Amino acid sequence: MSQGVLQAIFEYQTAICELTGMEVSNASGYDGTTVAADACFVAKHATGRSKIVVTEATNPQVRQVVKTYAPGFGLEVVEVPHDGGTTDPDRVREAAADAAAVIFQQPNFFGCLEPAPDLAAAANDAEAMPIAHVDLVSLGVLEAPGVYGCAMAIGEGQSAGNAMCYGGPHYGFLAARSEYIRRMPGRIVGETVDAAGERGYVLTLQTREQHIRREKATSNITTNQTLLALAGLVHLSLLGPQGLRELGETCMALAGYAKEQLRAAGLEPVFPEKATFKEFAVRTGRSARDAISAARAKGISPGYPLGRDYAGLDDALLVAVTEQRTINEIDRLVEALAA
Amino acid sequence: MKLIYEKSQAGRRGLAVPKPELPVPEVPTELARKEPPRLPELAEPEVLRHFTELSTRNFGIDTGFYPLGSCTMKYNPRINERVVGLPGFARLHPLVDDDAAQGALELEWELQEILREVTGLDAISLQPAAGSQGELTGLMLFRAYFADRGEDEQRRKIVIPDTAHGTNPASVTMAGYELTPVKTDPRGNIDVEDLRGKVDEHTAGLMLTNPSTLGLFDENIEEIERIFHGAGALMYYDGANLNAVCGISRPGDMGFDVVHINLHKTFSQPHGGGGPGGGPIAVRESLEPFLPVPVVARDGATFRLDYDRPKSIGKVRAFSGPFGVFVRSYAFMRAYGPGLREMSEVAVLNANYLLARLKDAYDLSFDRLCMHEFVLSARTLKREHGVSALDVAKRLMDYGFHPPTIYFPLIVPEALMVEPTESEAKETLDAFAEAMLAIVREAAESPELVKEAPHDRPVRRLDEVRAVKTPVVRYGFEAHEAPHGAGDRQLEAQKGA
């Protein structure tokens, strides 16, 4: 009755595995924040440890959701501060002692490229599971977490194929190395054969799930985000590997242009030494909220005030530039932000 | 049917990306991608045809009758898709300032008001992404409430009847609680005597679906309320079956302190593939301070997201919730208006009509008026003809119907759980009843016909054991294709050209 959607999810799982370099993906989680909590649950049971390390440069909403779930899971959450916009692997190594997992974001919330392979190695040294929170559209140009030693890769899928829609519904992806397959939360589609020997697809490994396993389940998730994940698959299928790479390059080119033009107009990058992908932080020379109000009066919504989540960054604005923007629009942004 | 990866041709693509004449900054070598992901390479019409063909290999609510018990597969009005696609909704960034999102916030606030009325409770969080997340959030509120009163250490147990959805016990574990199961009595209600001995000062609360997963309204709900509140415990209402009672009875009036509403079920949302959902929760005033942030607040004529809530449990999802789900459900509710009661009445009527037509041909554990769904049993068919609930379900496919939910609830052997919803006309219900009756005759006359069903679906019965023993959960490029690299070389050649 549902071979069409089951095959589509199988194809989605394959795409997520290809992008992240992982061996198994579930059929989707609610969004990019809840998959982080799911990953903590996997890590707790896989390692028998009860501490989660998360970098401060990880999206604040992801950190908040992990902290909300943690008491129920019996987990303690420790944050590693950033050091000039990225995370110091030595501080991660120190914090990761006795930890179940280390969660970091690549690119991080400031848009900066973390030394991701070193962070993963630091976690692995402490036998904590490295978990990378990644941006799907960056994975045509940035290395796959599976290649640099991560145990799991998670993230928000909205930017690949779904409307912003004031925050949802979107989908979160969660992928892991195959050794964790029986601890994965949520639905997984598997390939099999029918009574006539023809290929077909089923929901598999359901003894992990709540309707069979009840209080011993790996998660309570039932309704997921299939329709949104399907949209993600369609988008990725249209892009293909070359399109995804170009998409990443276009984001980088436009964001690089915006950064340079803003700098020329007197708005210095907050972390000038760091490589970035499609987002970057700039000093506005005044309260970022004032800068936003002034720009909005000129018809531009220029970015996110980092002071909302980070002490000492009240003048900092996080700017995002994607392939949806034009050079002309960026020039208007610069004009609107120049004091 | 081929997988999209098997249709892939190196170098082909379906989408052109804008390429501004700007330098592309270098990615540090150690962070740069070495091997491209093997995404499909197809032209746009090929992608379109692939997914169109996949859509024909599904049975959805638009294909036919879909009485999947507990899932409330009702019709999804097309106007809702038009509304949610309006650019002012679809293209609204979730982090814009509140004054740039007044329309969206007003919609959320009005949805909250409607949900307060439907549930009979005081305050709403729209944040949970689905019913099961609503459950978990509700239990987190229990913990916060008791912690605030210094009773969190003492109250560790949650009581759940044996008929409950599996999500309930799973949520209990995720919230760090312990499970206390309670039995069902011969009329299909919670066994109140069993309950009495299990509720004490260590009990945090109850999780109950009412009507239950048997499709029965618990006749002792007032007594149950006295037992829990008398012990200082709280009551959680699993709103999975709210479609039975809208405008008729309210969980808040029954005494429940926290309720989740499955927007995707009761208030329509295309969720046949598995999602998306929406699981807002409604709470009594005493639990309101602990709700997740943000909550939508109103100051006179303007609306805002309120994050300044010091006792909040935090966040369970990004932003304010699955907004697109809210838009569809709000449109659905407004189309009904005060007539929402009629929706539930027709859902209950349809279920009772089908039950009356089928109850003599199948076994029925609890012979009562049902609510929006009912649970039959195929135990006699199984005993006399070796035909199981699974066989009945598969044979229904041959008759052009989606099967009901089977083997749930667990306390009914060979269970067939049927939920017709209010969307269906009498002729559809009759056709389904005729098919169910025909299958009973077939089971006696030619059981193999039923046991080997389905006969005309895209696939026959699938080998689920093989799928578990040797899990294949992604396409095996290496096993299926010419050596990887041929395509890459072609790509390189193209780039060079």
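The shown structure was predicted, so the numbers you read here are calculated from the model rather than taken from an experiment.

Caption draft 1: The arrangement of the overall build of chain B in detail. Looking only at helices and strands, one finds 19 helices and 13 strands in chain B. A compact globule built from 497 residues would reach a C-alpha radius of gyration of about 23 Å, and chain B, at 26 Å, matches this within 12%. By its C-alpha atoms, chain B is 80 × 70 × 45 Å across when sized along the principal axes. Counting all 497 residues of chain B, 49% fall into the buried class. Intrachain contacts of chain B at a sequence separation of at least 6 include 72% that bridge at least 24 residues.

Caption draft 2: Broad picture of the overall build of chain A. Each helix and strand in chain A was counted, giving nine helices and 12 strands. Relative to the compact-globule value of 20 Å for 339 residues, chain A shows a C-alpha radius of gyration of 21 Å, a close match. Once the C-alpha set of chain A is aligned to its principal axes, its extents read approximately 70 × 45 × 30 Å. Out of the 339 residues in chain A, the part that is buried amounts to 71%. Intrachain contacts of chain A at a sequence separation of at least 6 include 71% that bridge at least 24 residues.

Caption draft 3: Expanded view of unusual backbone geometry. Between Gln106 of chain A and the following residue, Pro107 of chain A, the backbone shows a cis peptide bond with an omega angle of -10°. Note on placement: Pro107 of chain A falls in the loop between strand E4 (101-106) and helix H5 (116-125). The peptide bond linking Gly168 of chain A to Pro169 of chain A adopts the cis configuration, its omega dihedral lying at 0°. Here Pro169 of chain A is to be found in the loop between strand E6 (152-156) and strand E7 (172-176). Phi at Ser70 of chain B takes a positive value of approximately 80°, unusual for a residue other than glycine. Here Ser70 of chain B is to be found in the loop between helix H1 (44-56) and helix H2 (78-84). Here the phi dihedral of Tyr407 of chain B falls at roughly 55°; this positive angle occurs in a residue that is not glycine. Within the element layout of this structure, Tyr407 of chain B appears in the loop between strand E12 (405-406) and strand E13 (415-418). Judged by local crowding, Tyr407 of chain B falls into the partly exposed class, with 17 C-beta atoms found within 10 Å.

Caption draft 4: Looking closely at the sheet that holds strand E4 (residues 203-208) of chain B. All names here are of chain B. Sheet architecture is open: seven strands sit in the order E1-E7-E6-E5-E4-E2-E3, paired in mixed fashion. If you trace the sheet from one side to the other, it starts and ends with strand E1 (123-125) and strand E3 (178-182), each paired once. In this sheet, adjacent strand axes meet at a mean angle of 25° when their direction is disregarded. Taken together, the five bridges between strand E2 (residues 157-161) and E3 define a ladder with parallel strand orientation. Bridging across to E3, Ile160 finds its partner in Pro181.

Caption draft 5: Focus on the domain arrangement of chain B. For chain B, the domain assignment lists domain 1 (4-57 + 469-496), domain 2 (82-338) and domain 3 (341-451). Averaged C-alpha coordinates put domain 1 of chain B and domain 2 of chain B at centres separated by 43 Å.

Caption draft 6: Representation of the interface of chain A and chain B within the structure. Each partner contributes to the interface: chain A provides 103 residues, whereas chain B provides 107 residues. Elements that contribute at least two residues to the side of chain A that touches chain B include exactly helix H1 (3-20), helix H3 (60-73), H5, strand E8 (189-193), strand E9 (199-203), helix H6 (210-213) and helix H7 (226-264) of chain A. No other element matches H7 of chain A, which puts 24 residues into the side of chain A that touches chain B. Its residues placed into classes, the side of chain A that touches chain B shows 51 nonpolar, 37 polar and 15 charged.

Caption draft 7: How the structure looks around the sheet that holds strand E11 (residues 374-377) of chain B. Within the open sheet, the four strands sit side by side as E10-E11-E13-E12 (chain B). Their pairing is antiparallel. Looking at which strands have only one partner, the edges of the open sheet turn out to be strand E10 (363-364) and E12 of chain B.

Caption draft 8: Focus on the environment of Leu317 of chain A. All names here are of chain A. Checked against the element boundaries, Leu317 lands in strand E12 (residues 316-320). Residues Leu317 and Val66, 251 residues apart in the sequence, show an inter-C-alpha distance of 25 Å. The contacts of Leu317, once residues within four sequence positions are left out, are Ala281, Val282, Thr284, Ala288, Ala291, Pro302, Gly303 and Pro305.

Caption draft 9: Structural detail: the domain arrangement of chain A. Residue and element names in this part refer to chain A. Annotation of chain A at the domain level lists domain 1 (3-233) and domain 2 (241-337). Just the C-alpha atoms count here: the centres of domain 1 and domain 2 sit 28 Å apart. On the domain 2 side, the residues contacting the 13 residues of domain 1 number 20 residues. Classifying every residue of the side of domain 1 that touches domain 2 by side-chain character gives seven nonpolar, six polar and no charged.

Caption draft 10: Quick look at the packing of helix H4 (residues 102-119) of chain B against helix H11 (residues 323-336) of chain B. All names here are of chain B. Their axes nearest at 10 Å, the elements H4 and H11 cross at an angle of 60°. Judged on the interaxial angle alone, H11 and H4 are oblique. The crossing of H4 and H11 is left-handed. Residues Ala104, Leu107, Glu108, Glu110, Leu111 and Ile114 of H4 lie in contact with H11, whose contacting residues are Phe323, Phe326, Val327, Ser329, Tyr330 and Met333.

Caption draft 11: Expanded view of the nonpolar core. Membership of the largest hydrophobic core comes to 254 residues, with the highest contact counts inside it found for Cys40, Ala101, Val102 and Met152 of chain A. A total of 20 residues in this core trace back to one element, the largest contributor, which is H7 of chain A.

Caption draft 12: Main features of helix H6 (residues 167-174) of chain B. Of all the eight residues making up H6 of chain B, eight are buried; the element is thus mostly covered by neighbouring parts of the structure. Gly176 of chain B sits one or two positions beyond H6 of chain B and adopts a positive phi of about 80°.

Caption draft 13: Inspection of the packing of helix H2 (residues 34-47) of chain A against H3 of chain A at higher detail. All names here are of chain A. Contact geometry for H2 and H3: axes closest at 8 Å, N-to-C directions at 40°. Here H2 is positioned oblique relative to H3, judged by the angle of their axes. In this structure, the crossing between H2 and H3 has a hand that is right-handed. Contacts from Thr34, Ala36, Ala37, Cys40, Phe41 and Lys44 of H2 reach H3 at Val62, Val65, Val66, Tyr69 and Phe73. Class assignment of the residues belonging to the contact of H2 with H3 gives a composition of nine nonpolar, one polar and one charged.

Caption draft 14: Spotlight on the pairing of strand E5 (residues 234-239) of chain B. All names here are of chain B. Counting buried positions along E5 gives six out of six residues, so the element sits mostly inside the fold. Burial of E5 is two-sided: the residues Leu234, Tyr236 and Asp238 facing one way and the residues Met235, Tyr237 and Gly239 facing the other way are all buried. Crossover connection from E4 via helix H8 (residues 221-230) to parallel E5: handedness right-handed. Pairing analysis gives four bridges linking E5 to strand E6 (residues 258-261), with the strands arranged parallel. Paired with Gly239 across the bridge in E6 is Ile261.

Caption draft 15: Examining the confidence of the model for chain B more closely. All names here are of chain B. Of the residues in chain B, 96% have a pLDDT of 70 or more, and the chain-wide mean is 95. Low pLDDT (under 50) marks residues 482-497, which in the prediction has eight contacts with non-local residues, meaning those over four places away or in another chain. Here the prediction assigns the complex a pTM of 0.96, and the interface score ipTM is 0.97.

Each value, and the rule that gives it
- Residues numbered from 1 in each chain as written.
- Chains lettered and ligands numbered in written order.
- Predicted model: local features only at pLDDT ≥ 70, side-chain atom pairs only at ≥ 80, totals over all residues.
- Helix = DSSP H or I, 4+ residues; strand = E, 2+ residues; numbered from the N terminus.
- Rg over C-alpha atoms; globule rule 2.2 N^0.38 Å.
- Buried ≥ 20, exposed ≤ 12 C-beta atoms within 10 Å, placed from the backbone.
- Contact = placed C-beta atoms within 7 Å.
- Pairing = 2+ DSSP bridges.
- Axes fitted to C-alpha atoms, helices over the stretch in contact; angles between N-to-C directions.
- Domains from an automatic or database assignment.
- Nonpolar A, V, L, I, M, F, W, Y, C, P; charged D, E, K, R; others polar.
- Parallel < 35°, antiparallel > 145°, perpendicular 65-115°, else oblique.
- Left-handed = near helix turned anticlockwise from the far one by under 90°.
- Core = buried A, V, L, I, M, F, W, Y, C linked by C-beta atoms within 7 Å.
- Right-handed = clockwise from strand over helix to strand, strands pointing away.
- pLDDT = per-residue confidence, 0-100.

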